[in-house]
Amino acid sequence: MHKSLIKAEFQVERDDYKCIRCRVCERQCSFEVHSYDADADRMFEDELKCVGCQRCVEYCPTRALSVQPHKSTIRPHGNWPYRAVKDICKQAETGGMLLSSTGDELHHRIYWDHLVLNASQVTNPSIDPLREPMELRTFIGRKPDQVDVQLVNGKPVLKTELPPQLTLETPMMFGAMSYGAISYNVCQSLARAATASGTMYNTGEGGLHRDFYQYGPNTIVQCASGRFGVHREYLNAGAAVEIKVGQGAKPGIGGHVPGEKVDKEISITRMIPVGTDALSPAPHHDIYSIEDLRQLIYALKEAVEYKKPVGVKIAAVHNAAAIASGIVRAGADFVTLDGLRGGTGAAPTRTRDSVGMPIELALAAVDQRLREEGIRNNASLIVAGGFRNSTDVVKAIALGADAVYIGTAALISLGCTVCQKCYTGKCPWGITTQDPYLTKRVNPEIGTQRLTNLLRAWSLEIKEILGGMGINAIESLRGNRLHLRAIGLNERELDVLGVMHAGE
Amino acid sequence: MHYRFEKDMSACGLTGFISRNRNRVDGEAIMSSICNMDERSNGQGGGFAAYGIYPEHKDDYAFHMLYTDADAKEATEKYLDRHFLIIEDDELPTRKTAGIVDPPLIWRYFLNVDEEVLHMNACDEEDYVVNAVMFINAEIPGAFVMSSGKNMGAFKAVGFPGAVGRFYKLDEYKAWTWIAHGRFPTNTPGWWGGAHPFTLLDWSIVHNGEISSYGINKRYLEMFGYKATLMTDTEVTAYLFDMLLRRHKLSIEVATMAIAAPFWSQIDHLPEEERKALTALRQVYGSGLLNGPFAFILGHKDGMVGINDRIKLRPLVAAEKGDILYIANEEAAIREIASPDRVWMPTAGEPVIANLKPEKDIVKEAPSCIKV
């Protein structure tokens, strides 16, 4: 075979003076970059295999290692960066589609970075969250336009029955990541952290391991095109059901879990044989139209006896506003929008980087459309797709979201360094792998604590920002685009986002 | 898509009183009360609402109109003529007053709605009137509906409230409910329509504060056909009350539980039935929650309500003397016109509610206790 022309992307440097030959790097690296030659008493590095995950650097007890982008480079060219050259070489060598993980990494505009927030000065006082109540409680579900509450002996009494609602103590949930894509320990960490934080995590399309039924009140169970692990008990184990039509990282494509990842536990949970590829069809083969979707929504509502909200998740595509409107009219209690930067365990690189649109634009368009049609109350709006920090969340809520899903950020809190190799099943941080040698690297106790800390920290920051705006309840921020201003966007972008430019 | 986001922020002074026995008094007392708080306004707007002033027209919608020019008047009259029965129309009486400059055309119409038209449009009479008000304000350039209720009217202008009252000859009107407002806007369109009270049908509202939730309150009400054209947060408050009280038929007590909702920390500790009701109100009317500092007085055909924001970021005092309830930002404004039997400070979010006695229940008593 022809010599591979793919160059090493990372350079591993070892300070031989500091290295004590403990071989921790060798054991930590699941990509087998490091090896030890006993005769020479020397460590060797195969840089071609290095993915830049930094696991060895972190665990080297003497700090002898550093991993950095490779110094060796091709001649710089505006149209032909090494990324483009490398992809061509890979395809020339394999004849295959390129695969990637996590969300879009191209430089599509990140609108969050062009939006700034408001604060109170003089005319209304800012509110100090250390001294005053600051409310983040959020409800997900269909709301009627009006409610009948009457006073009986001076006390309010509810005469209308409301459709089922999820109660979130903070407007952030853990996004859909399936058992199979992520490990048992990570699933457990997410479930326990969601429970501890009064919010939800989402099973993704991989079913629900029996051990996690106990976290049901904080679980959103998914029903995707592969129907993996979907049965009546599963549907009723969660607090809500989400029909997954699409995913931001790969709109128009179903989820793929390679057979190598399907061990006994996953096989039982997904209800498929051990070692078989779990390939979700691109569409749901019982949903070829909006009227078919309506049937599935109501079939699921029947299955859960109308006691749990049933929502629909779609990828943010060009027609998202009209599609979301149809979904609400079809009876969904919530709509989930997943943007271009939303994560994935495995997606064709070209799809990941070029199909769909940033969540900011889709969210603004969908919220506005639902309001113009007078049906915004009829469903909650959950958004996902690359939320990096609490101000991204605040901006999303101000644009009109009820709540957000965080996925990649949650995994980062468990150690992920966004090396984008989830699809290999060799995650050196033990997150997106089923190899027992690797999965034990995530300790569910510590994982739960780190995830809980993350939600707590972001919630504190959201309260601080809300107080600064002179608002003490999150519902007064939701859809309140007056608290947003844009910097450096053109008029079309301002119009779609429905915000004014800073200074206006 | 077109977004209009301008918001006019203003601080202010407000006062009002109501005789539950429907004893009508002229406008001198309310003018004295609001003038006591001139410190809280800056001459950029003053206004009044009065209830019970048109007993001879009590079944007609009294439209108080402001026009910037004759074209606006002509277009509006054409519209009114097409959609209403015009019972009477005249220029709203005014007198030349120092401090009131460049008045627009100010006109008054007593209107009735043809049953036939309602039937053809399959429309509730009050919704029909609301739609007309929304249309005139949004679509006819230079025309503005100052008030549109029955047996009530709003009087507003750019100027200190005392001068505004003199200008409109309020000393010649008799009302059982008077509400007044002096304005201190922080950015000034200097526009008569921008003064308080804001009204719709017989709702009138004067407001001191700034609604931080304005952006969503406005978008929320737009879903239900309300067009917030006046660039102020007070306007959305008026529309919000119209929706909750008239359209959704909530009682005033319940409506205030939605717009100045108790905190979850309070709700969570209530008995189940109350907790369920308050939770449902917050779930359904979350976008109608008013956030940020406010004190306001709402006048309506059956009474008057005063309320503060959830953490009382604006002053509000209530007092009682005989059948009269007073509400004002400052106690001094009440003591200026009465020696009350009882004065109290309502807590955050706690409404002060006074309702008129039904006419049949009223025994004629001694005249009201207002000293002027």
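Shown above is the structure to which this text applies.
The rules behind the values
Residues numbered from 1 in each chain as written. Chains lettered and ligands numbered in written order. Predicted model: local features only at pLDDT ≥ 70, side-chain atom pairs only at ≥ 80, totals over all residues. Heavy atoms only, no water. Helix = DSSP H or I, 4+ residues; strand = E, 2+ residues; numbered from the N terminus. Rg over C-alpha atoms; globule rule 2.2 N^0.38 Å. Buried < 20%, exposed > 50% of the residue type's maximum accessible area, 1.4 Å probe, protein only. Contact = heavy atoms within 4.5 Å. Pairing = 2+ DSSP bridges. Right-handed = clockwise from strand over helix to strand, strands pointing away. Axes fitted to C-alpha atoms, helices over the stretch in contact; angles between N-to-C directions. Buried area = accessible area lost by both parts, 1.4 Å probe. Salt bridge = Lys/Arg side-chain N within 4 Å of Asp/Glu carboxyl O. Polar contact = N/O pair within 3.5 Å; in protein donor to acceptor, adjacent residues only side chain to side chain. Core = buried A, V, L, I, M, F, W, Y, C linked by side-chain atoms within 4.5 Å. Domains from an automatic or database assignment. Phe/Tyr/Trp six-rings, centres within 6.5 Å; stacked < 30°, edge-to-face > 60°. Lys NZ or Arg CZ within 6 Å of the ring centre and 35° of its normal. Parallel < 35°, antiparallel > 145°, perpendicular 65-115°, else oblique. Left-handed = near helix turned anticlockwise from the far one by under 90°. Nonpolar A, V, L, I, M, F, W, Y, C, P; charged D, E, K, R; others polar. Expected span 1.5 Å × (residues − 1).

A. Up close: the overall build of chain A. Of the regular secondary structure elements, chain A holds 15 helices and 23 strands. Its C-alpha atoms give chain A a radius of gyration of 24 Å, near enough to 23 Å, the size a compact globule of 504 residues would have. Along the longest, intermediate and shortest principal axes, the C-alpha atoms of chain A span 90 × 55 × 45 Å. Evaluated residue by residue, chain A yields a buried proportion of 57% over its 504 residues. The long-range fraction of contacts in chain A, counting pairs at least 24 apart against all pairs at least 6 apart in sequence, stands at 69%.

B. Structural view of the pairing of strand β20 (residues 380-384) of chain A. All names here are of chain A. Burial runs high along β20: 5 of the 5 residues are buried. Neither face of β20 is open: one carries S380, I382 and A384, the other L381 and V383, and all of them are buried. Pairing geometry for strand β18 (residues 334-338) and β20, over 5 bridges, is parallel. Residue F334 lies in a different strand from β20, and its bridge partner there is S380. Bridging between β20 and strand β21 (residues 403-406) involves 3 bridges; their strand directions are parallel. Bridge pairing in β21 links I382 to A403. You can see the chain leave β20, run along helix α11 (residues 390-399) and come back into β21, and the turn it takes is right-handed.

C. Structural context of the sheet that holds strand β6 (residues 115-117) of chain A. Residue and element names in this part refer to chain A. As summarised here, the arrangement of the 3 strands in space is β6-β22-β23, forming an open sheet in which the pairing is mixed. Single-partner strands in this sheet number two, and they are β6 and β23 (500-501). By the bridge criterion, 2 bridges tie strand β22 (residues 484-486) to β23 in an arrangement that is parallel. The partner of R485 across the bridge, within β23, is M500. Strand contacts of α11: β6 and β22, with the helix running at about 90 degrees to β6, the strand carrying the most contacts.

D. Quick peek at the interface of chain B and chain A. On the chain A side, the residues contacting the 47 residues of chain B number 50 residues. Each partner contributes to the roughly 4300 Å² buried at the junction of chain B and chain A, and carbon and sulfur atoms together form 60% of this total. Put simply, chain B and chain A have 5 salt bridges between them. Residues A:E135 and B:R282 are paired through a salt bridge, measuring 2.6 Å at the closest nitrogen-oxygen approach.

E. Molecular detail of the sheet that holds strand β4 (residues 61-67) of chain B. Residues and elements named next belong to chain B. As summarised here, the arrangement of the 4 strands in space is β5-β6-β4-β7, forming an open sheet in which the pairing is antiparallel. The sheet is open, and its two edges are formed by β5 (85-91) and β7 (143-147), each paired on a single side. Mean inter-strand twist for the sheet, computed between neighbouring axes without regard to direction, equals 30 degrees. By the bridge criterion, 7 bridges tie β4 to strand β6 (residues 105-112) in an arrangement that is antiparallel. Its bridge partner lying in β6, Y61 is registered against L111. With respect to the sheet, helix α2 (residues 70-83) is in contact with β4, β5, β6 and β7, its orientation differing from that of β6 by roughly 0 degrees.

F. Structural view of the side chain of B:R183. Residue and element names in this part refer to chain B. Along the chain, the position of R183 falls in strand β10 (residues 177-185). Assessed through its relative accessible area of 1%, R183 is described here as buried. Reaching out from R183, the side chain makes a polar contact with the backbone oxygen of Q44 at a distance of 3.3 Å. In terms of polar contacts, R183 uses its side chain to reach the backbone carbonyl oxygen of G194, at 3.5 Å.

G. Representation of the nonpolar core in the model. Ranked by internal contacts, the top residues of the largest apolar core, which has 123 residues, are A:F174 and A:I431. Here this core spans two domains, since at least three of its residues come from each of domain 1 (10-96) and domain 2 (168-501) of chain A. When neighbours within four sequence positions are excluded, A:I431 is seen to be in contact with A:A181, A:I182, A:S183, A:V186, A:L411, A:L414, A:G415, A:C416 and A:V442. B:Y109, B:V236, B:A255 and B:V305 belong to the second largest nonpolar core, which has 72 residues in total.

H. Quick look at the packing of aromatic side chains. For the coordinates displayed, the defined rule picks out 21 aromatic pairs over all chains. Plain terms: the ring middles of A:F212 and A:Y215 are 6.4 Å apart, the flat faces sit at 40 degrees to each other, and that makes the pair tilted. A relative accessible area of 12% places A:Y215 in the buried class. Grouped by ring-pair contacts, the aromatic residues B:Y54, B:F110, B:F155, B:F167, B:Y168, B:Y173 and B:W192 constitute a single cluster. For the cation-ring pair, B:K73 lies above B:W107, with the distance from its terminal atom to the ring centre recorded as 4.1 Å. The ring of B:Y61 is capped by B:K150, whose NZ or CZ atom sits 4.7 Å from the centre of that ring.

I. Inspection of the packing of helix α4 (residues 184-197) of chain A against helix α14 (residues 444-469) of chain A at higher detail. Residue and element names in this part refer to chain A. Between α4 and α14, the least distance of the axes is 8 Å, while the angle of their chain directions is 45 degrees. By the angle between their directions, the pair α4 and α14 is classed as oblique. Both α4 and α14 take part in a crossing whose hand is right-handed. For the pair formed by α4 and α14, the contact residues are N185, Q188, S189, L190, R192, A193, A196 and S197 on the first element and P444, E445, G447, T448, L451, T452 and L455 on the second. Among the residues forming the contact of α4 with α14, the class breakdown is 6 nonpolar, 7 polar and 2 charged.

J. View of the environment of A:N118. The residue A:N118 is located in the loop between β6 and β7 (138-140) in this model. A sequence separation of 119 residues divides A:N118 from A:A237, and the C-alpha atoms of the two residues are 41 Å apart.

K. Fine view of the pairing of β6(B). Residue and element names in this part refer to chain B. The buried fraction of β6 amounts to 6 of the 8 residues, a majority that puts the element mostly inside the structure. Pairing geometry for β5 and β6, over 6 bridges, is antiparallel. Residue E91 lies in a different strand from β6, and its bridge partner there is W107.

L. Quick look at helix α10 (residues 359-372) of chain A. Compared with an ideal rise of 1.5 Å per residue, which puts 14 residues at 20 Å, α10(A) spans 20 Å between its outermost C-alpha atoms and is within 8% of the ideal. For α10(A), a buried count of 11 out of 14 residues is recorded, marking the element as mostly surrounded by other parts of the structure. When α10(A) is considered as a whole, its buried residues turn out to be A:I359, A:E360, A:L361, A:A362, A:L363, A:A364, A:V366, A:D367, A:Q368, A:L370 and A:R371. At its buried positions, α10(A) is contacted by α8 (320-329), β18, β20, α11 and α15 (491-497) of chain A together with α6 (214-222) of chain B. Just downstream of α10(A) lies A:G374, where phi reads positive at about 70 degrees.

M. How the structure looks around the packing of helix α7 (residues 233-247) of chain B against helix α8 (residues 252-259) of chain B. Residue and element names in this part refer to chain B. Where α7 meets α8, the closest approach of the two axes is 10 Å, and the angle between their N-to-C directions is 130 degrees. Taken together, the axis directions place α7 and α8 in an arrangement best described as oblique. The chirality of how α7 crosses α8 is right-handed. Contacts from L240, F241, L244 and L245 in α7 reach I252, A255 and I259 in α8. Of the residues in the contact of α7 with α8, the class split is 7 nonpolar, no polar and no charged.

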